[in-house]
Amino acid sequence: MRTIVVSSVRVLVAAFLFISFMPLSAYSAQPLRVTVGTYVNGIQDISFKDSKYVIDLYIWFRWTPEATLEDYKPLDSFEITNGRIDNKFSIVEKTIGNVKYVSARVLATISEPWRLKAFPFDRHLIAVHIEDGGHVLSEVVFEPDRDNSRVSDEVRISGWSLSGFKTSVADH
């Protein structure tokens, strides 16, 4: 049986070229720290020919608002950089004390350049790259919710075994 490593729903942080020209020390305020988590409900429509798959996941954001980003709306500004969001629904918005929480169920088509050289013993990493497209690294920093992010035990991909899950951050 071939293995798909469903790990690495990666959380990427937007830095764009702006940061390349301006060191972080040039900014006086600390960036807003936002905890991001994911729960993968399903992976379907895997196409080796078209180099893509569809993922069904919940995503949530948790943060304490700060003056300059009092009205921060992560569900409006987050992007999946290695694919496209096809649908966003079941949106929940809460404030508990001074902590804001928003979540949504997302269906996304992810582009994946499959490496098939080891067929039929190939392994594949399924990764979802998330970043805030509306803010630079000096304004918003994503931090993974490692304790609560996971893949549902119900996820099955015919002919494949699933192994591992990892959430990580890479500054870009």
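Procedures and definitions
- Residues numbered from 1 in each chain as written.
- Predicted model: local features only at pLDDT ≥ 70, side-chain atom pairs only at ≥ 80, totals over all residues.
- Heavy atoms only, no water.
- Helix = DSSP H or I, 4+ residues; strand = E, 2+ residues; numbered from the N terminus.
- Buried < 20%, exposed > 50% of the residue type's maximum accessible area, 1.4 Å probe, protein only.
- Contact = heavy atoms within 4.5 Å.
- Areas by Shrake-Rupley, 256 points an atom, 1.4 Å probe, with all protein chains shown as cover.

## Brief notes about the overall build of the protein chain
Within the protein chain, the secondary structure is distributed over two helices and 13 strands. Residues classed as buried in the protein chain amount to 45% of the 172 residues present. Looking at the protein chain alone, contacts between residues at least 24 apart form 76% of all its contacts between residues at least 6 apart. For the protein chain, the exposed surface amounts to about 9600 Å²; the carbon and sulfur share of it is 51%.

## As for the side chain of Asp56
Looking at the secondary structure, you find Asp56 in strand E4 (residues 52-63). By relative accessible area, which is 9% here, Asp56 ends up buried. Other than its neighbours up to four places away in sequence, Asp56 contacts Tyr39, Val40, Asn41, Gly42, Arg105, Val106 and Leu107.

## Thoughts on the environment of Val34
If you trace the backbone, Val34 turns up in strand E3 (residues 32-47). When its relative accessible area of 0% is taken as the criterion, Val34 is described as buried. Note: C-alpha distance between Val34 and Phe61 (27 residues apart in sequence) is 6.4 Å. Residues in contact with Val34, not counting those within four places in the same chain, are Phe61, Arg62, Trp63, Tyr72, Val140, Val141, Phe142 and Glu143.

## Quick look at the environment of Lys100
Note that Lys100 resides in strand E7 (residues 99-111). As a C-alpha pair, Lys100 and Pro65 span 35 residues in sequence and 7.2 Å in three-dimensional space. Residues within four places of Lys100 in sequence aside, it is in contact with Phe61, Arg62, Trp63, Pro65, Glu70, Lys94 and Thr95.

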